[in-house]
Amino acid sequence: MVRVPLTPEERLRGERFGALLRQARGERSMVEVAAAAGLSAETLRKIETGRAPTPAFFTVAALAAALGLSLDELAAACAEGPQAAEFRQAG
């Protein structure tokens, strides 16, 4: 199966998602958050750095739960346009 290359917008969304996770993680270690979400630290590292810009839904849900974020917050923060800017200003 050939994977379709990501669009620039998908890459940017992945970078925004990674930045949000780093911000939400705060002082907690990557290992601690990854373990709480049931992931490897390497997987979390790839997501946070944008090298894995489209993680599976259940991975996103597990990270949201581990970080105390709602899926709505994540979606709004990673969305394109004014809604994303409003969320970042509020956070």
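Draft legend 1. Representation of the environment of glycine 18 within the structure. Mapped onto the fold, glycine 18 is located in helix 1 (residues 8-25). Taking the C-alpha atoms as reference points, glycine 18 and isoleucine 47, separated by 29 residues in sequence, lie 5.6 Å from one another. Excluding residues that lie within four positions of it along the chain, glycine 18 makes contacts with Ile47 and Glu48.

Draft legend 2. The arrangement of the nonpolar core in detail. In this structure, Phe17, Leu21, Leu44, Leu63 and Leu74 are the most contacted members of the largest nonpolar core, which totals 19 residues. Those elements that place two or more of their residues in this core are helix 1, helix 2 (30-37), helix 3 (41-48), helix 4 (57-67) and helix 5 (71-78). Broken down by element, this core gets its largest block of residues, five residues, from helix 4. Ignoring anything within four residues of it in the chain, the contact list for leucine 63 reads Leu21, Val33, Ala37, Leu39, Leu44 and Ile47.

Draft legend 3. Structural context of the pattern of salt bridges. Inspection of the entire model under this criterion finds four salt bridges. Of the charged contacts in the structure, one is a salt bridge between arginine 25 and glutamate 48, with a shortest N-O distance of 2.8 Å. Remark: glutamate 48 occurs in helix 3 and arginine 25 occurs in helix 1; sequence separation between them is 23 residues. We classify arginine 25 as buried; its relative accessible area is 14%.

Thresholds applied
Residues numbered from 1 in each chain as written. Predicted model: local features only at pLDDT ≥ 70, side-chain atom pairs only at ≥ 80, totals over all residues. Heavy atoms only, no water. Helix = DSSP H or I, 4+ residues; strand = E, 2+ residues; numbered from the N terminus. Contact = heavy atoms within 4.5 Å. Core = buried A, V, L, I, M, F, W, Y, C linked by side-chain atoms within 4.5 Å. Buried < 20%, exposed > 50% of the residue type's maximum accessible area, 1.4 Å probe, protein only. Salt bridge = Lys/Arg side-chain N within 4 Å of Asp/Glu carboxyl O.

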